[in-house]
Amino acid sequence: MSLHDNYFRVQERIANAAQSAGRRAEEITLIAVTKKFPAALMREAYALGMRDFGENYVQEFEGKHPELSDLATDSRFHLIGHLQSNKARKAADIFHVIQTVDSVKLAQRLDSMGAKLEVMIEVKLSEEDSKEGASPDQVPKIIEALRAAQNLTLTGLMTMPPWNDNPEITRPYFRRLAALAREHGFAKLSMGMSHDLEAAIEEGSTHVRVGTALFGKRPKPAV
Ligand SMILES: *Cc1c(COP(=O)(O)O)cnc(C)c1O
């Protein structure tokens, strides 16, 4: 299958899920997740009409970014992987949206970089140790820090549930994130991936992050 066909299929899935949830497809932004793929593929995706790109690693995207700077004028680059404080400066330079703010310290450090950024709070809704993100009880403090920030605009919440190939297992996580967003009056919800975007959209997602369904299996790094 070509990228063109995959893109068409994903858009169709988004439209169908929106319709079955009584929502408009335009409410949902497709973020093309391009980690481990080269800049040339991002360019191809751009040529097909994709404008939102998700990357997990600051260092990896730093390498691709020089080849893509002309796309930045009308694309949005989202950081969707964990951000270490010591990479905040670089991240603020190359991303438009940081979806993974998960501590007061990181919020303050990002703000001090001076770049105008959109940010989301990554929430961890399970006890699974390996997942980054703020626990729900830490969220109010982070909101407070972000609302006090000079340069950051907080727009919503993001989550990455523990992996399960059955979307009905991840659905309760989506529902909990949506409830938390409602409680705090957020418009944006970044949740749902290749295999569970329908469930996420039914639960209110506004930003689905899709890699595999667009680009196929990610290349394994050379060893
Ligand atoms: C890799 C990744 C995705 C995309 O996953 P696919 O299953 O390939 O669609 C989405 N969100 C995050 C945070 C990721 O790391």
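Remember, predicted model here, so these are calculated numbers, not experimental data.

Asks: I would appreciate a short explanation of empty space enclosed by the protein in the present structure.
Replies: Any empty space left between atoms is shown by rolling a water-sized probe over those atoms. The tally for this structure, following the rule as stated, stands at two cavities of 30 Å³ or more. Reported here for the second largest cavity is a volume of approximately 30 Å³. Looking at the second largest cavity, the residues that line it are Pro-161, Pro-162, Trp-163, Thr-170, Met-193, His-195 and Asp-196. Here the residues of the lining of the second largest cavity sort into four nonpolar, two polar and one charged.

Asks: Would you take a moment to explain the environment of Ala-21 for this structure?
Replies: Take Ala-21: it is sitting in the loop between helix H1 (3-20) and strand E1 (29-33). Overall, Ala-21 belongs to the partly exposed group, its relative accessible area being 30%. For the pair Ala-21 and Glu-62, spaced 41 residues apart in the sequence, the C-alpha separation amounts to 38 Å. With residues up to four places along the chain from it excluded, the contact list for Ala-21 reads Ile-201 and Glu-202.

Asks: Honestly, the environment of Tyr-57 in this entry has me stumped. Any pointers?
Replies: Position of Tyr-57 relative to the elements: it lies in the loop between strand E2 (52-55) and helix H3 (58-64). Its relative accessible area of 41% is what places Tyr-57 among the partly exposed residues. Residues Tyr-57 and Val-123, spaced 66 residues apart in sequence, show a C-alpha to C-alpha distance of 18 Å. Setting aside its immediate chain neighbours within four residues, Tyr-57 contacts Lys-35, Lys-36 and Leu-79.

Asks: I'm lost on the site of the ligand in this one. Help?
Replies: Around the ligand, 13 residues are found, and the nearest of them are Lys-35, Asn-56, Ser-194, Thr-212 and Arg-218. In this structure, an oxygen atom belonging to the ligand sits 2.5 Å away from a side-chain N or O atom of Ser-194. At a separation of 2.8 Å, an oxygen atom of the ligand approaches a polar backbone atom of Gly-211. Relative to its unbound accessible surface of 390 Å², the ligand loses 93% to contact with the protein. Of the residues in the shell around the ligand, the class split is six nonpolar, four polar and three charged.

Criteria and thresholds
- Residues numbered from 1 in each chain as written.
- Predicted model: local features only at pLDDT ≥ 70, side-chain atom pairs only at ≥ 80, totals over all residues.
- Heavy atoms only, no water.
- 1 Å grid on protein atoms, 1.4 Å probe; cavity = no way out; pocket = protein on both sides within 12 Å on 5 of 7 lines; lining within 4 Å.
- Points joined across faces, edges and corners; volume = space filled by probe spheres on them.
- Nonpolar A, V, L, I, M, F, W, Y, C, P; charged D, E, K, R; others polar.
- Helix = DSSP H or I, 4+ residues; strand = E, 2+ residues; numbered from the N terminus.
- Buried < 20%, exposed > 50% of the residue type's maximum accessible area, 1.4 Å probe, protein only.
- Contact = heavy atoms within 4.5 Å.
- Near = heavy atom within 4 Å.
- Polar contact = N/O pair within 3.5 Å; in protein donor to acceptor, adjacent residues only side chain to side chain.
- Areas by Shrake-Rupley, 256 points an atom, 1.4 Å probe, with all protein chains shown as cover.

Function cannot be read off these values alone, since they describe shape.
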